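Survey of secondary and tertiary structure
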Amino acid sequence: MREALSELFEVFSLSYRAFDRAEAFLAAFAPGRFDCLVTDLHLPGISGLELQQRLKALGATIPVIVITSSLDPNHHIRAMQEGAFAYLTKPFNDKVLINHVTAALDQAKPAHKPDDGAGS
Amino acid sequence: MAENSPSLDYRAGVASGGEAGNRAAGDEKYRKLIFFMPTALWQVDSRAAGEVFGRLKADGLTDIATYLDQHPELVEIAKDTVLVTEVNREAVALFHGPTPADLIRPVRYLFAGTPDMAKRVMVAHFEGWRNYTEEAKILTFDGQLRDVIFSVTYPTPPEQQDTTFITITDITERLRTEAQLRQLQADFAHAARISTLGEVATSIAHEVKQPLAAIVTNGETALHWLDRHDVNVAKVRQLTTRIVASAYHASDIIQRIRLMAVRAEPERVVLDLKSVTAEALAFVRHDIESKHITLSIDIPQTLPEIAGDRVQLQQVIVNLLLNSIQAINQAESPERHIRIGIEAGPSMLAVSIRDSGPGIAPDDFERLFESFFSTKKSGMGIGLTICRSIVTAHGGTITAANGPAGGAQFRFTLPIAGR
């Protein structure tokens, strides 16, 4: 899925970095470095929800788009409570994701060429 | 005897006359006992075969099996020249008589249900075996096929060559009961699998959605590349290749679920236990990860193969893993870990699944494998019973223990194929 998203961002000429787990993203994270984060809820180490919490604890305002194959409404509620910018369930329409990413980037830096991190 | 010793002959005559009388009375008692014995018995005069064998041996023949293959007519002749001389009541009953006289004739009728057994009985005779036993079928006089154990006891020189004994034990009912038992066990295992599939439904849905989501995203990305004026053929090919691989992956997962769900005859095939374990893990991986449990796998690179039923063995591993997951979760253990390992012994492979849960209460050990015993809130109490019946049917054993550092450890063994 990570590879598939990377290809999708590439065809839309969005610059991105892919991380195989939340820990790797956190290690690379610095305020202002990324403009949008796309993450799965379900990750090999710490989960997408925990990642949201940690970013919040760091005072980060980066918009987070959550993608998941979970149909559990509690996951949806919790992700939104943690301030998710969007919540998409797999399989999702690419245009919906790209629209959310574009909106997130507009919100983050209206006049700047964006960067986004893709998790999982 | 004692031809040149008339005085001795006289005494011997008297003595032997008395002995003969005793023996005759003894024989009569003996025959009566045999007649009422609860085992079907035939006394056979196999001198006709013995004579032919004697000539063949004199000609230097050693490989009788090959010789009889080349001369099948010899077997047919033997069926008509080797004679039944005596039968008992049980033998008459087994062949649906009606009288002993109906059974006192050439042995051909004994082989009507398994014609090629006659050759094997002859080979054993030629080679001087004491006994020959085979599981066979007989055809009774009223046309029924019965499953039997067919045993022959041969005379060995200098014993009289006319007394070969054949005993036949009817095992039709036993085989039928065993088949019913196997069927019940398979049905029970199947019912338990369906219940297990219900427990892992979320995990399965997640497992299937991964390749499907990748197919959708890769397909859409490929379409975007095609829509651009500078069509990147290499990209589209790469994406399409991934789509195909993901579709196969999804199809494999569905096939595994289907196998778990169908009621199939258990089979015995040579299996790599490592791949069976990997397939079982796919059913619970999501469950393990979403409950923040770490999993360690300790399986040697190469393992000898085992013989068994792939789906049933997956079922055992899935059940044990689900128990571990639930034990850890229910106890809200701070340490959340499952270790699955396989070790190879000289004749068995041992699979162990250890968890960092609360372990097994001492009082529960005895009843652990009993049906309808459960310590779980929602447990039906058939998981471990099924595990044990599957492992036992595979010729292995399953045991439960608490690990030295706490937590439960289940360990089961399976015989290595061909050892």
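Conventions used here
Residues numbered from 1 in each chain as written. Chains lettered and ligands numbered in written order. Predicted model: local features only at pLDDT ≥ 70, side-chain atom pairs only at ≥ 80, totals over all residues. Helix = DSSP H or I, 4+ residues; strand = E, 2+ residues; numbered from the N terminus. Buried ≥ 20, exposed ≤ 12 C-beta atoms within 10 Å, placed from the backbone. Contact = placed C-beta atoms within 7 Å. Nonpolar A, V, L, I, M, F, W, Y, C, P; charged D, E, K, R; others polar. Core = buried A, V, L, I, M, F, W, Y, C linked by C-beta atoms within 7 Å. Pairing = 2+ DSSP bridges. Axes fitted to C-alpha atoms, helices over the stretch in contact; angles between N-to-C directions. Parallel < 35°, antiparallel > 145°, perpendicular 65-115°, else oblique. pLDDT = per-residue confidence, 0-100.

1. Quick word on the overall build of chain A
The number of helices and strands found in chain A is 5 helices and 5 strands. Each helix and strand of chain A, ordered N terminal to C terminal, gives the series α-β-α-β-α-β-α-β-α-β. Here chain A holds 120 residues, and the buried ones make up 41% of them. Long-range pairs, those at least 24 residues apart, make up 65% of the contacts in chain A with a sequence separation of at least 6.

2. Comments concerning the overall build of chain B
For chain B, the helix and strand inventory stands at 12 helices and 12 strands. For chain B, buried positions account for 30% of its 419 residues. Nonlocal contacts in chain B, meaning residues at least 24 apart in sequence, comprise 70% of its contacts between residues at least 6 apart.

3. Structural notes on the environment of Thr399 of chain B
Within the secondary structure, Thr399 of chain B is located in strand β11 (residues 398-402). Spatially, the C-alpha atom of Thr399 of chain B lies 5.8 Å from that of Phe410 of chain B, the residues being 11 residues apart in sequence.

4. A few points about the interface of chain A and chain B
Tallying the contact residues gives 12 residues for chain A and 16 residues for chain B. The leading source of residues in the side of chain A that touches chain B is helix α1 (residues 2-11) of chain A, at 5 residues. Looking at the side of chain A that touches chain B residue by residue, the classes come out as 7 nonpolar, 2 polar and 3 charged.

5. Quick notes on the nonpolar core
Ranked by size, the top nonpolar core spans 40 residues in total, and within it Val284, Val316, Leu321 and Cys387 of chain B carry the most contacts. If you list the elements that add at least two residues to this core, you get α7 (172-199), α10 (273-290), α11 (310-330), β9 (337-344), β10 (348-355), α12 (383-393), β11 and β12 (408-415) of chain B. With residues near it in sequence (within four places) discarded, Leu321 of chain B still touches Ala280, Val284, Ile338 and Ile353 of chain B. In terms of nonpolar packing, the next biggest core, distinct from the first, is built from 36 residues, Met1, Leu43, Ala79 and Ala104 of chain A among them.

6. Remarks on the sheet that holds strand β4 (residues 145-153) of chain B
Residue and element names in this part refer to chain B. In space, the 5 strands of this open sheet follow the order β2-β1-β5-β4-β3, with antiparallel pairing throughout. Strand pairing shows two members of the sheet lacking a second neighbour, β2 (83-87) and β3 (131-139), which therefore form its edges. Averaged over all pairs of adjacent strands, the angle between their axes in this sheet comes to 30 degrees, without regard to strand direction. Direction of pairing for strand β1 (residues 40-45) relative to strand β5 (residues 164-170): antiparallel, over a ladder of 5 bridges.

7. A closer look at the packing of helix α8 (residues 201-227) of chain B against α10 of chain B
Residue and element names in this part refer to chain B. At a closest axis distance of 8 Å, the pairing of α8 and α10 adopts a crossing angle of 100 degrees. In terms of axis orientation, α8 runs roughly perpendicular to α10. Contacts from Thr202, Ser203, Ile204, His206 and Glu207 of α8 reach α10 at Ala282, Phe283, Val284, Arg285, His286 and Asp287. Its residues placed into classes, the contact of α8 with α10 shows 4 nonpolar, 4 polar and 3 charged.

8. Digging into the environment of Ala417 of chain B
Residue and element names in this part refer to chain B. Its location among the elements puts Ala417 in the segment after β12. Sequence spacing of Ala417 and Ala307 is 110 residues, and the spatial spacing of their C-alpha atoms is 5.2 Å. If we skip the residues at most four places from it in the chain, Ala417 touches Val270, Glu305, Ile306 and Ala307.

9. Side note on the pairing of β3 of chain B
Residues and elements named next belong to chain B. The pairing of β3 with β4 spans 9 bridges and is classified as antiparallel. Each residue of the ladder has a partner; that of Ile138, found in β4, is Arg146. In textbook terms, the turn of a hairpin is the stretch between consecutive antiparallel strands, and for β3 and β4 this stretch comprises 5 residues, one of which, Gly143, has a positive phi near 85 degrees.

10. Re the sheet that holds β10 of chain B
Residue and element names in this part refer to chain B. In space, the 5 strands of this open sheet follow the order β7-β9-β10-β12-β11, with mixed pairing throughout. Because the sheet does not close on itself, it has two edges, and the strands there are β7 (294-298) and β11. Along the sheet, successive strands turn relative to each other by an average axial angle of 15 degrees, direction set aside. Relative to the sheet, α10 contacts β7, β9 and β10, its axis offset from that of β9 by approximately 175 degrees.

11. Remarks on α1 of chain A
Those residues of α1 of chain A that fall on the buried side of the exposure criterion are Ala4, Leu5, Glu7, Leu8, Phe9 and Val11 of chain A. Positive phi shows up at Ser13 of chain A, right after α1 of chain A, with a value of about 55 degrees.

12. Overview of the confidence of the model for chain B
The predicted coordinates of low-pLDDT regions are not to be read in fine detail. All names here are of chain B. Across chain B, pLDDT averages 87, with 91% of residues at or above 70. Below a pLDDT of 50 lies the segment residues 1-17, which in the model reaches 4 contacts outside its immediate sequence neighbourhood of four places, other chains included. Both scores are given for the predicted complex: the pTM is 0.67, the ipTM 0.78.

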